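# Results of the structural survey
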Amino acid sequence: MDEQTARPRDRQISADGADRSSNTTSTTRRSPRRRRILILIGIVLIALILFALLRPHARNGNGNHGGRHAANVANAPEPVGVATVSTGDMPVELTLLGTVVPITNVTVQARVSGHLMKVEFTEGQHVKQGDELELIDPRPYQAVVDQWVGTLAADQANLEKARIDNRRYQTLLKQNSTAAMTAVDQAYTVKQLEGTVKYDQGQLDAARLNLYYCHVLAPVGGRVGIRGVDMGNYVTAGSTDLAVLTQMQPISVIFTLPQDQLARVIDRLRAVHELPVAAWNSANENKIAEGSVRALDSQIDTSTGTVRLRGIFANEDEHLFPNEFVNAHLLVDTLHNVMLLPSNALQTGPDGQFVYVVQPDSTVAVRNVKVGIASNDTTVINSGVQVGDRVVTDGTNHLRPGSKVSIPQENTGNATAGSGQTTPHKRGAYRNTNGQQSEGNPQNAPSDTAPAPPPSGNTSGQ
């Protein structure tokens, strides 16, 4: 019984063992299959992504492949902006830093001591020379004047009496009726009293001058600033500032000139005696006033290497204010009939500055140029180009010698002409370097009826 009972158990165990081994085998067989499926799915996904990224473009409406279209786009002419080299006048103008300085600036002080009785001006008022500004209490000084008037009168009477006595003694001396010593003493008494009278007169004049100084008058015409002392205060002679009087019309601007420009300015100043100058605001955006320069300083400041010049401005509207910082535009000379070019057409290379010149076949060539002075956005060209040449001013970043270019203004004209609309024929308008739009079709100027260059083909030098 034990053996029979044990055998089923053994068979069960063996059966269980067989079952377990069969499950293990199926699991082992199933795992590589999953890995292969996952790998296959990943390959398919990668292939789809690569196909989406690298597939050629669909055919366009004309039947051309997208690859060819991309090549045509890559080889298309570069759109640029151009300007025509022209001749004109170029002002030689120097922009210098300056400060508005009044021609006359007076600090009015009390010349006598006393209480301030009146303030007869309004702050900011324009006054004329000789107008009374303030009044210091004159009564003490009037009393001193009266005293010296009395002293002078008494001394003058004594002098007159001494002169009469002197004439009497001189007559008696001639008659031998008096001693010579008495006559001489009387003559010296007269001289002594004459000195006393003269002293009294000087004291009287000083007292009257102090009385005059009680009336504070405007020494020059100009604009009165903020008052320094209010009415009723005690002011001291020579130490109390009553007001500041500034001459506003005319007014000057002091600006500094670099020493390397001094020779040109001196020669021109000697030739024409004065140079025009304009004062612009500190941001150099708006012109404030116009004036002239007639003089410059007598020496160069060694710390800055500059010399000072003074410009005189009428300042009728008083827009120039004392101690204001301005930009002085000094017109030194004017160059006539020189080649002009926009400054943004100039490029810098290893051999110096150059420009891209548009050729008749719509390609560009490099021309090295020598430049002169520049003013605002215009530069003088001394050599390297000719009048009428078209140079590239915008879109130079992707240009190389021989690159094909197109001018959007010309292409717009062609599109209008080929649209089927009837438009009156008009010569192309071009803009010269001075910013003036001119009618006509000058030599080498862009024309509205010129055909656009073909977009296909490789450009040399790209």
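Residues numbered from 1 in each chain as written. Predicted model: local features only at pLDDT ≥ 70, side-chain atom pairs only at ≥ 80, totals over all residues. Heavy atoms only, no water.

## Side note on the overall build of the protein chain
The number of helices and strands found in the protein chain is six helices and 25 strands. For the protein chain, the proportion of its 462 residues judged to be buried stands at 31%. For the protein chain, the accessible surface area stands at approximately 29,000 Å², while carbon and sulfur atoms represent 51% of it. (Helix = DSSP H or I, 4+ residues; strand = E, 2+ residues; numbered from the N terminus. Buried < 20%, exposed > 50% of the residue type's maximum accessible area, 1.4 Å probe, protein only. Areas by Shrake-Rupley, 256 points an atom, 1.4 Å probe, with all protein chains shown as cover.)

## Here we look at the nonpolar core
When a protein is soluble and globular, its nonpolar side chains tend to lie buried together. Of all hydrophobic cores here, the largest spans 30 residues; its most connected members are Leu-133, Ile-136 and Val-224. Listed by contribution, the elements that provide at least two residues to this core are strand E7 (132-136), helix H3 (139-174), helix H4 (180-213) and strand E11 (241-246). Excluding anything up to four places from it in sequence, Leu-133 contacts Val-108, Val-119, Glu-120, Phe-121, Val-127, Val-216, Leu-217, Ala-218 and Val-224. Counting 25 residues, the second largest nonpolar core, distinct from the first, contains Leu-262, Val-265, Leu-269 and Val-277. (Core = buried A, V, L, I, M, F, W, Y, C linked by side-chain atoms within 4.5 Å. Contact = heavy atoms within 4.5 Å.)

## Structural notes on the pattern of salt bridges
Inspection of the entire model under this criterion finds 11 salt bridges. Put simply, Asp-165 and Lys-161 hold a salt bridge, and the shortest N to O gap is 3.2 Å. On the criterion of helical spacing, the pair formed by Asp-165 and Lys-161 is a turn pair, its members being four residues apart in helix H3. Three or more residues are tied together by salt bridges with common partners; here these are Glu-123, Arg-227 and Asp-230. (Salt bridge = Lys/Arg side-chain N within 4 Å of Asp/Glu carboxyl O.)

## Notes on the side chain of Ser-403
Along the polypeptide, Ser-403 turns up in the loop between strand E22 (390-394) and strand E23 (405-406). In terms of polar contacts, Ser-403 uses its side chain to reach the backbone carbonyl oxygen of Arg-400, at 2.8 Å. (Polar contact = N/O pair within 3.5 Å; in protein donor to acceptor, adjacent residues only side chain to side chain.)

## Some remarks on the sheet that holds strand E8 (residues 215-217)
One open sheet holds the four strands; their spatial order is E8-E7-E5-E10, and the pairing between them is antiparallel. If you trace the sheet from one side to the other, it starts and ends with E8 and strand E10 (234-235), each paired once. Here E7 runs beside E8; their pairing, made up of three bridges, is antiparallel. Across the sheet, the residue bridging to Glu-134 is Val-216, located in E8. (Pairing = 2+ DSSP bridges.)

## Remarks on the pairing of E7
With four of five residues buried, E7 is to be regarded as a mostly interior element. Alignment of strand E5 (residues 114-119) against E7, held across three bridges, turns out to be antiparallel. Counted as the bridge partner of Lys-118 is Leu-135 from E7.

## So, the packing of aromatic side chains
Any pair of aromatic rings gets described here by the distance separating the centres and the angle formed by the planes. Counted by the stated rule, this structure contains three aromatic pairs. The interplanar angle of 75° and the centroid separation of 5.9 Å between the aromatic rings of Trp-148 and Tyr-199 together place this pair among those described as edge-to-face. Residue Trp-148 is located in helix H3, and its partner Tyr-199 is located in helix H4; the two are separated by 51 residues in the primary sequence. (Phe/Tyr/Trp six-rings, centres within 6.5 Å; stacked < 30°, edge-to-face > 60°.)

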